[in-house]
Amino acid sequence: MENGVLTIEASALDANPNSWSSQLFWKSDETDAGTYAVSVKIHSDRARKITLNGVSYDLVEGDNVIKTNVTLGESGHVGLAFLLGDGGQLAEGVDASNLTFRDLNVVYVGTDLA
């Protein structure tokens, strides 16, 4: 990671038969209970899928913004789990993609834990 930007050369990731074959984890510093809005920009060299916290997202070639909410029932860490394997979608001989992650934002939005 350099200047808040993480680039992953995904050539080894794309041929994996499972989406969970390659994973990236991030967690915040200790924080209060509540709901947090999370957004991250991901640049992909080609259309592909990734999974964030159990939800699959279709990335287009170019820039993508993924948004989600994370709720903590008690103080702890906001955690993000990216599954980067392509799930075997890539046909043999097709160029793999690079993924660039930047502008990760985590914003507290409230304490409604109902």
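This brings us to the overall build of the protein chain. When helices and strands are tallied, the protein chain shows zero helices and eight strands. Helices (α) and strands (β) of the protein chain occur, in sequence order from the N terminus, as β-β-β-β-β-β-β-β. Taken over 114 residues, the protein chain has a buried fraction of 37%. Of the accessible surface of the protein chain, which amounts to about 6,700 Å², a share of 48% is contributed by carbon and sulfur atoms.

Looking at the element boundaries, Ser28 is found in the loop between strand 2 (23-27) and strand 3 (34-44). Looking at Ser28, its side chain comes within polar contact range of the main-chain nitrogen of Val78, at 2.8 Å. If we ignore the near neighbours within four places in the chain, the residues touching Ser28 are His77 and Val78.

So, about the side chain of Ser44. Relative to the helices and strands, Ser44 is located in strand 3. Within polar-contact distance, the side chain of Ser44 engages the backbone oxygen of Arg46 at 2.5 Å. Filtering out sequence-adjacent residues up to four positions away, Ser44 remains in contact with Leu59, Val60, Glu61, Gly62, Asn64, Ser97, Asn98 and Leu99.

One finds Ile42, Ile50, Ile66, Phe82, Leu84, Leu99 and Phe101 to be the most contacted residues of the largest nonpolar core, which totals 18 residues. No other element matches the four residues that strand 3 contributes to this core. Those residues in contact with Phe101 that lie beyond four places of it in its chain are Gly4, Val5, Leu6, Ile8, Leu24, Val40, Lys41, Ile42, Phe82 and Leu84.

On to the pattern of salt bridges. Taken as a whole, this structure holds three salt bridges when the rule is applied. Residues Lys49 and Asp58 are paired through a salt bridge, measuring 2.5 Å at the closest nitrogen-oxygen approach. Residue Asp58 is classed as exposed on the basis of its relative accessible area, which comes to 57%.

Cut-offs applied
- Residues numbered from 1 in each chain as written.
- Predicted model: local features only at pLDDT ≥ 70, side-chain atom pairs only at ≥ 80, totals over all residues.
- Heavy atoms only, no water.
- Helix = DSSP H or I, 4+ residues; strand = E, 2+ residues; numbered from the N terminus.
- Buried < 20%, exposed > 50% of the residue type's maximum accessible area, 1.4 Å probe, protein only.
- Areas by Shrake-Rupley, 256 points an atom, 1.4 Å probe, with all protein chains shown as cover.
- Polar contact = N/O pair within 3.5 Å; in protein donor to acceptor, adjacent residues only side chain to side chain.
- Contact = heavy atoms within 4.5 Å.
- Core = buried A, V, L, I, M, F, W, Y, C linked by side-chain atoms within 4.5 Å.
- Salt bridge = Lys/Arg side-chain N within 4 Å of Asp/Glu carboxyl O.

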